[in-house]
Amino acid sequence: MSLQRRLLVVLLLCAPLAWAVALLVSANRTRHEVNEFFDTNIIRLARQVQATLRKADAAGAPSSAQEGPSGEADLRDAAIAVWNARGELQMVDREGARLPYRPDAAGFVELTLDGDAWHVYYLQSPRGDWLVAAGQRGYERDEVVWNLVFSHLLPWLLVLPVLLGAMAWGVRRALAPVRGLTAELRSRNADDLQPVPVDHAPRELQPLLAAMNGLFARVEATLARERRFTADAAHELRTPLAVLRAQWDVLRRAADPAEREQAQARLGAGLDRMDRLVTQMLALSRLEATERLPRSAPVAWVPVVEQVMGDVLALAERRDIELACHWPPADAPAFPLQGDVDLLAVLLRNLLDNAVRYAPRGSTVALYFDAGELRVENDGPPLPAQVLQHLGERFHRLDGQAESGSGLGVSIARRIAALHGLALAHGTRADGRGVVARLFRAP
């Protein structure tokens with residue numbers, strides 16, 4: 001069911017229901033006012049009769065009350081009777097003879113006479129000489145109540161369809177911005193992710209539109225990452241694939257065993273480079289699509305360092321590089337951090353791998369921990385300012401490098417650092433030599 005239909009159903013059901021409740025309350029209040037009015041008149045009538053009796057002669061036969069023109073009223077619905085101390089009727093009207101003599105009664109009494117409900121007021125004289133009874137049939141009061149209620153009911157019944165129509169028009173008018181938004185979104189192309197204007201939208205729709213615009217922005221960022229990844233993959237894989245094809249052709253045509261063995265070695269190295277490039281590209285793509293850490297826990301650095309150094313040990317031995325790790329004193333924390341251990345291992349592995357690959361043979365690569373930062377240092381030549389400016393750009397590698405690489409290691413490390421609220425900076429050591437990668441909390 002649509003929102004508009006649901007609102008109309010609720011309003012069309014609630015409006016008559018509220019109207020009926022108001023009618024019942026009005027009828028009850030009208031009945032109270034009518035009863036109060038008639039009771040006051042009956043009391044006043046009984047007191048006037050009693051005052052008249054004080055001036056009249058108490059002896060004689062019962063007299064009959066005079067009946068004048070009745071007009072619109074029905075005198076059969078009212079009655080009056082007077083008894084003396086002995087219970088003898090002294091005065092009675094046409095209906096008064098039906099009222100019972102109740103010497104013990106005082107005030108209003110509800111009676112049923114010949115199947116009709118009567119409301120009777122008994123008034124005793126101060127000395128007990130007279131008992132006056134004035135009553136009214138209950139039907140008369142109900143008739144007055146319902147005449148008053150129905151006199152107001154007819155205008156309400158005439159106005160109710162107009163009211164319901166106005167509510168239906170109001171609901172449609174209020175939901176017009178929703179229909180306009182629907183039409184606008186339906187007319188958009190699949191690649192149109194421009195934000196929806198929020199300024200002139202109703203206040204109730206502004207949070208929804210803000211959430212939609214946020215979703216559009218995230219989808220656009222995701223599509224941009226996918227396009228960038230596709231373009232990078234198409235660009236960067238073209239050359240390695242061409243080289244592998246050429247090396248395969250050389251291997252297939254080689255007749256000399258030595259030439260064949262050399263071609264096989266080159267093909268294996270090319271496959272290793274391709275495997276590293278694809279692995280790094282997939283890792284970077286996954287990291288860029290990650291908005292928050294999948295899991296977070298206090299980091300224990302000792303097992304992480306042992307694992308990472310074990311991973312780069314083969315490369316360090318091949319290049320005759322010594323690996324070292326310097327921990328702070330026992331009473332000082334070693335770069336306390338809350339994060340994902342697996343991602344931090346990838347970050348540290350990339351930093352150590354780069355430091356080992358580009359360090360001079362026979363030198364040392366050291367890892368330093370203290371309370372505020374983590375550093376990876378090597379003894380290589382300091383990087384020029386121009387190189388530091390472009391460090392971290394995708395697929396950017398220094399010219400003349402003998403070691404294989406994809407140019408993605410620093411990009412991956414920076415993305416993991418950003419997910420942990422950290423910053424990664426490269427520079428030189430205090431003595432002006434070597435390359436230092438510093439990992440610290442972002443300001």
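Everything below is about the structure shown above.
Keep in mind it's a predicted model, so treat the numbers as computed, not measured.

We now examine the overall build of the protein chain. In terms of helices and strands, the protein chain carries 9 helices and 13 strands. Taken across its 443 residues, the protein chain has 35% of its residues classed as buried. Of the contacts made within the protein chain by residues no fewer than 6 positions apart, 62% connect residues no fewer than 24 positions apart. When the accessible surface of the protein chain is summed, it comes to about 26800 Å², and 57% of that surface belongs to carbon and sulfur atoms.

Another point: the sheet that holds strand β11 (residues 373-378). The strand order β8-β10-β11-β13-β12 describes an open sheet built from 5 strands, whose pairing is mixed. Each edge of the open sheet is held by one strand with a lone partner, namely β8 (322-326) and β12 (422-427). Taking each pair of neighbouring strands and ignoring which way they run, the sheet shows an average axis angle of 15°. Helix α6 (residues 301-318) contacts β8, β10 (364-369) and β11 of the sheet and is inclined by roughly 165° relative to β8.

Between two packed helices, the angle of one axis relative to the other and the distance separating the axes together describe the packing. The N-to-C vectors of helix α2 (residues 138-174) and helix α3 (residues 176-187) enclose an angle of 40°; their axes lie 4 Å apart at closest approach. Between α2 and α3, the angle falls in the class oblique. Note on element contacts: α3 touches α2 through Ala 176, Pro 177 and Arg 179, opposite Arg 172, Arg 173 and Ala 174. Among the residues making up the contact of α2 with α3, the classes are represented as 3 nonpolar, no polar and 3 charged.

The subject of this paragraph is the packing of aromatic side chains. Applying the stated criterion to the full structure yields 5 aromatic pairs. Where Trp 83 meets Tyr 101, the ring centres are 5.5 Å apart and the plane angle is 55°; that geometry is what we call tilted. Within this pair, whereas Trp 83 is found in strand β2 (residues 78-84), its partner Tyr 101 is found in the loop between β3 (89-92) and β4 (107-113), the two being separated by 18 residues in sequence. On the basis of relative accessibility, which here comes to 32%, the residue Tyr 101 falls in the partly exposed class. Where Phe 108 meets Tyr 121, the ring centres are 4.9 Å apart and the plane angle is 55°; that geometry is what we call tilted. Of this pair, Phe 108 sits in strand β4 while Tyr 121 sits in strand β5 (residues 116-124), and the two are 13 residues apart along the sequence. Taking relative accessible area as the criterion, Tyr 121 reaches 9% and is therefore assigned buried. An aromatic cluster is built from Trp 301, Trp 327, Phe 335 and Phe 369, whose rings are joined through pairwise contacts.

In this model α2 runs 50 Å from its N-terminal to its C-terminal C-alpha over 37 residues, within 8% of the 54 Å that 1.5 Å per residue would give. At Val 159, α2 shows its largest kink, close to 35°, and the proline Pro 161 lies no more than four residues downstream.

Judged by how many residues are buried, strand β6 (residues 130-137) sits mostly within the fold: 8 of 8 residues are covered. What you see with β6 is no split at all: Trp 130, Val 132, Ala 134 and Gln 136 on one side and Leu 131, Ala 133, Gly 135 and Arg 137 on the other are buried throughout. Pairing of β2 with β6 involves 7 bridges; the strand directions are antiparallel. Bridge pairing in β6 places Asn 84 opposite Trp 130.

Cut-offs and rules
- Here the residue index of a chain counts from 1 through its sequence in written order.
- It should be noted that, the model being predicted, local features are given only for residues of pLDDT at least 70 and side-chain atom pairs only at 80 or more, the latter also being counted only at that level, while totals for whole chains, interfaces and linings use all residues.
- Processing note: side-chain calculations cover all non-hydrogen atoms of the structure and skip hydrogens and water entirely.
- Working definition: helices are DSSP H or I runs of at least four residues, strands are E runs of at least two. Numbering for both runs from the N terminus.
- For every residue, the accessible area (1.4 Å probe, protein chains only) is compared with the maximum for its type, and the residue is labelled buried under 20%, exposed over 50%, or partly exposed between those bounds.
- Should any heavy atoms of two residues lie within 4.5 Å, those residues are considered in contact.
- Areas reported as accessible are Shrake-Rupley estimates using a 1.4 Å probe. Residue values count occlusion only from the protein chains shown.
- A pair of strands counts as paired when DSSP detects no fewer than two bridges linking them.
- Here, axes are lines fitted to C-alpha atoms. For helices the fit covers the stretch in contact, and angles between N-to-C directions go from 0 to 180 degrees.
- Angle categories: roughly parallel below 35 degrees, roughly antiparallel above 145, roughly perpendicular from 65 to 115, and oblique for all the rest.
- For this classification, Asp, Glu, Lys and Arg are treated as charged, while Ala, Val, Leu, Ile, Met, Phe, Trp, Tyr, Cys and Pro are nonpolar and the rest, including Gly, are polar.
- Aromatic pairing here means that ring centres of Phe, Tyr or Trp (its six-membered ring) are within 6.5 Å. Orientation follows from the plane angle: under 30 degrees is stacked, over 60 is edge-to-face, and everything else is tilted.
- Here the expected span of a helix is defined as 1.5 Å times the quantity of residues minus one.
- Fitting axes to the seven residues ending at a residue and to the seven starting there, one defines the bend at that residue as the angle between these axes.

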